[in-house]
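If you want the building blocks of each chain, they are given just below.
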Amino acid sequence: MSDADPNRETTLAPLRSRGLIGLWAVLFVVWMVANSTVAIVVVLLGAAITLPIAWTFASSGNAWSGIRRTPGGLLHFLLYGATFLVELVKANIAMMRYVYAPRIAIRPGIVKVRTRLTSPIGRLALANTIALTPGSLVMDLKGDTLFIHLLDIDGIGADAMTEAIVTPFERHLEHVFG
Amino acid sequence: MIELTGSLLILTGAVFLFSAGLGLVRMPDAFTRIQAGTKATTLGNILIVVGLAFYHPEWAPKLALVIVFVLMTNPVSSHALSRAAHRIRTPMTPTTVTDALADDQKTGGTGGTA
């Protein structure tokens, strides 16, 4: 094996671009928080355990690539988090109104929505977010199409409602995940 | 005072969890029940865990981790349950307006591109 062996570059570079380092960092932080100590043995053991896990997932797919670790990306992630918390509380209050109504008069339905997001992890984040926002639940994800179950389709109409649910999150998520 | 705040948070969380249980009983079909179960349990769990953090501040980092895991796994389970229910053609409540997913499967599942 000479120093100019081209294989070394081709095996390492894809893993780096697939987000091995980022995934490793996330797993390592989870390990450290779960252990709540900075003892040197725990730190070394955590690094040794999380690296193969991160390696396995980073080399088996490129879902972890494309996360933007820039100040702008971080800002949009925080804004997304804030929007999400507000929507979560609204979702719960709306749900309580349905649950405690004397008669549950709802007209549910499944509608189709297209997303602008292209990265798999961005779409995953959007689908998970929609599941926790008022009256909506993602049932299937085919390519760029989300199938959303709406609890009560009446009122604004399906198109306006889906726009109101998807667009606010998309705006922030596309800056974080692309 | 700190313990009172924690207790109130846990009580509020318990109210949300009770509503989720009541929603499971009162909602008309499987999908609307999943909706009731997903949302109210998420906020209920978060409030109870935050309330616990008031009682035991030294647990706070681990409790934050619990919240993150609940937020990530709860929607995924609701998604898997509802998709499976739709696949085996669980009947939807008669007031259901549209079912774009069934229409899509009838036309050969060409709903998505890329």
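Only a predicted model underlies this, so the values are computations on that prediction, with no experimental measurement involved.

(A) Structural detail: a nonpolar patch on the surface. A contiguous nonpolar patch, built from Met1, Leu4, Leu8, Leu11 and Val15 of chain B and spanning about 550 Å² of accessible area, is present on the exposed surface. Checked against the element boundaries, Met1 of chain B lands in the segment before α1 (2-26).

(B) Geometry of the interface of chain A and chain B. Across the contact, 46 residues belong to chain A and 50 residues belong to chain B. The interface formed by chain A and chain B includes one salt bridge. Note that Arg83 of chain B is salt-bridged to Asp140 of chain A, the shortest N-O span being 2.5 Å. Put simply, chain A and chain B have twelve residue pairs in polar contact (both at pLDDT 80 or more) between them. Elements that contribute at least two residues to the side of chain A that touches chain B include exactly α2 (20-35), α4 (71-99), β1 (109-114), α5 (120-131), β2 (136-142) and β3 (145-150) of chain A. Considering every element that reaches the side of chain A that touches chain B, the biggest residue donor is α4 of chain A, with nine residues. Residue classes in the side of chain A that touches chain B are distributed as 28 nonpolar, ten polar and eight charged.

(C) Structural context of the sheet that holds β3 of chain A. Judged by pairing direction, the sheet is antiparallel, and its three strands sit side by side in the order β1-β3-β2 (chain A) without closing on themselves. Lying at the two open borders of the sheet, with one neighbouring strand each, are β1 and β2 of chain A. On average, each strand axis in the sheet is inclined to that of its neighbour by 30°, with strand direction left out of account. Here α5 of chain A sits on the sheet in contact with β2 and β3 of chain A, set at roughly 155° to β2 of chain A. Of the strands in this sheet, β2 and β3 of chain A are in contact with helix α2 (residues 30-55) of chain B, which crosses β2 of chain A at around 110°.

(D) Representation of the packing of aromatic side chains within the structure. All names here are of chain A. Within the structure shown, the criterion is met by three aromatic pairs over all chains. Summarising the aromatic geometry, the rings of Phe77 and Tyr80 are spaced 5.9 Å apart at their centres and angled 40° between planes, so their arrangement reads as tilted. Taken as a pair, Phe77 and Tyr80 lie in helix α4 at a separation of three residues, close to a single helical turn. On the basis of relative accessible area, Phe77 is assigned to the partly exposed category, the value being 40%. Take Tyr80: its relative accessible area is 12%, and that puts it in the buried class.

(E) Representation of the packing of α2 of chain A against helix α3 (residues 40-59) of chain A. Residue and element names in this part refer to chain A. Two elements in contact, α2 and α3, have axes separated by 8 Å at closest approach and are oriented at 140°. Relative to α3, α2 is oriented oblique. Here α2 and α3 pass one another in a crossing that is right-handed.

(F) Just helix α3 (residues 60-87) of chain B, in detail. Across its 28 residues, α3 of chain B extends 41 Å between first and last C-alpha, which sits within 8% of the 40 Å expected from 1.5 Å per residue. Where α3 of chain B ends, the next residue or the one after it, Arg89 of chain B, has phi of about 60°, a positive value.

(G) Quick peek at α5 of chain A. All names here are of chain A. Between its first and last C-alpha atoms α5 spans 17 Å; for twelve residues at 1.5 Å apiece the expected length is 16 Å, and the two agree. Across the twelve residues that make up α5, a large majority, ten, are buried. Among the residues making up α5, those that are buried are Ile121, Gly122, Arg123, Ala125, Leu126, Ala127, Asn128, Thr129, Ile130 and Ala131.

(H) Molecular detail of the side chain of Asp29 of chain B. Residue and element names in this part refer to chain B. For Asp29, the location among the structural elements is in the loop between α1 and α2. For the buried Asp29, which has no salt bridge, the nearest side chain bearing the opposite charge is Arg33, at an N-O separation of 7.0 Å. Of the polar contacts made by the side chain of Asp29, one reaches the side chain of Thr32; its length is 2.6 Å. Ignoring any residue separated from it by four or fewer positions in sequence, one finds Asp29 in contact with Pro91, Met92, Thr93 and Thr96.

Conventions we followed
- Residues numbered from 1 in each chain as written.
- Chains lettered and ligands numbered in written order.
- Predicted model: local features only at pLDDT ≥ 70, side-chain atom pairs only at ≥ 80, totals over all residues.
- Heavy atoms only, no water.
- Patch = residues over 30% accessible without salt bridge, like charges linked within 9 Å, V, L, I, M, F, W, Y side chains within 5 Å.
- Areas by Shrake-Rupley, 256 points an atom, 1.4 Å probe, with all protein chains shown as cover.
- Salt bridge = Lys/Arg side-chain N within 4 Å of Asp/Glu carboxyl O.
- Helix = DSSP H or I, 4+ residues; strand = E, 2+ residues; numbered from the N terminus.
- Contact = heavy atoms within 4.5 Å.
- Polar contact = N/O pair within 3.5 Å; in protein donor to acceptor, adjacent residues only side chain to side chain.
- Nonpolar A, V, L, I, M, F, W, Y, C, P; charged D, E, K, R; others polar.
- Pairing = 2+ DSSP bridges.
- Axes fitted to C-alpha atoms, helices over the stretch in contact; angles between N-to-C directions.
- Phe/Tyr/Trp six-rings, centres within 6.5 Å; stacked < 30°, edge-to-face > 60°.
- Buried < 20%, exposed > 50% of the residue type's maximum accessible area, 1.4 Å probe, protein only.
- Parallel < 35°, antiparallel > 145°, perpendicular 65-115°, else oblique.
- Left-handed = near helix turned anticlockwise from the far one by under 90°.
- Expected span 1.5 Å × (residues − 1).
- Lys, Arg positive; Asp, Glu negative; His and termini not counted.

Remember that the coordinates give geometry; whether it matters functionally is a separate question.
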